[in-house]
Amino acid sequence: MKLKEEFITHETDGEQIMVCAGTSFNGIVKSNKTAAFIVDCLKTDTTSAKIIEKMLVQYDVSKKTITADVQKIIDKLRSIGALDE
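Each chain carries its own residue numbering, running from 1 in the direction its sequence is written. Totals for whole chains, interfaces and linings use every residue, but because this is a predicted model, local features are given only for residues with pLDDT of at least 70 and side-chain atom pairs only at 80 or more, for both listing and counting. Note that water and hydrogens are dropped before the side-chain values are worked out from all heavy atoms of the structure.

Colleague: Got a sec to walk through helix α2 (residues 48-58)? Specific residues and values, please.
Modeller: Relative accessibility decides the category of a residue: with a 1.4 Å probe and only protein chains considered, values under 20% of the type maximum give buried, values over 50% give exposed, and everything between is partly exposed. Note on conventions: DSSP H or I runs of at least 4 residues are helices, E runs of at least 2 residues are strands, and numbering of each starts at the N terminus. Among all positions of α2, only Ile-51, Ile-52 and Met-55 are buried. Axial view of α2: buried residues confined to an arc of 100°, hence all on one face. Buried residues belonging to α2 abut α1 (33-41) and α3 (63-79). Arc, as used here, means the arc of the directions from the helix axis to the C-beta atoms. A contact between two residues is defined here by any heavy atoms of the two lying within 4.5 Å.

Structure below.
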């Protein structure tokens, strides 16, 4: 899975925003640091398992918590049509 190219991210003052340059979504998505990390991982073709492994290295949080967070963000991105799968 991968973030669709029409979704563009920009980071300013420690906050990531994402906008759609196409017609599939009309709005702005603000991301906290965890969501931004996941979105950045999705800029290249990846899997949920690979994102979870990267987060386990980056954050001192349980695998259960990370897995739930990754699934929540991926589900949200799917709901707005932001992912190529």
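Colleague: So, the pattern of salt bridges: which residues are in play, and what are the values?
Modeller: The salt bridge criterion pairs a side-chain nitrogen of Lys or Arg with a carboxyl oxygen of Asp or Glu, the two atoms within 4 Å. Counted under the stated rule, the structure contains four salt bridges. Its salt-bridge partner being Lys-63, residue Glu-53 comes within 3.9 Å of it at the nearest N-O pair. With Glu-53 in helix α2 and Lys-63 in helix α3, this pair connects stretches of sequence that are 10 residues apart. Here Lys-63 falls in the partly exposed class, since its relative accessible area comes to 48%. Asp-75 is the partner of Arg-78 in a salt bridge, and the nearest nitrogen-oxygen pair spans 3.5 Å. Taken together, the residues Arg-78 and Asp-75, both in helix α3 and three residues apart, mark about one turn of the helix. Overlapping salt bridges bring together Asp-75, Arg-78 and Glu-85 as one network.

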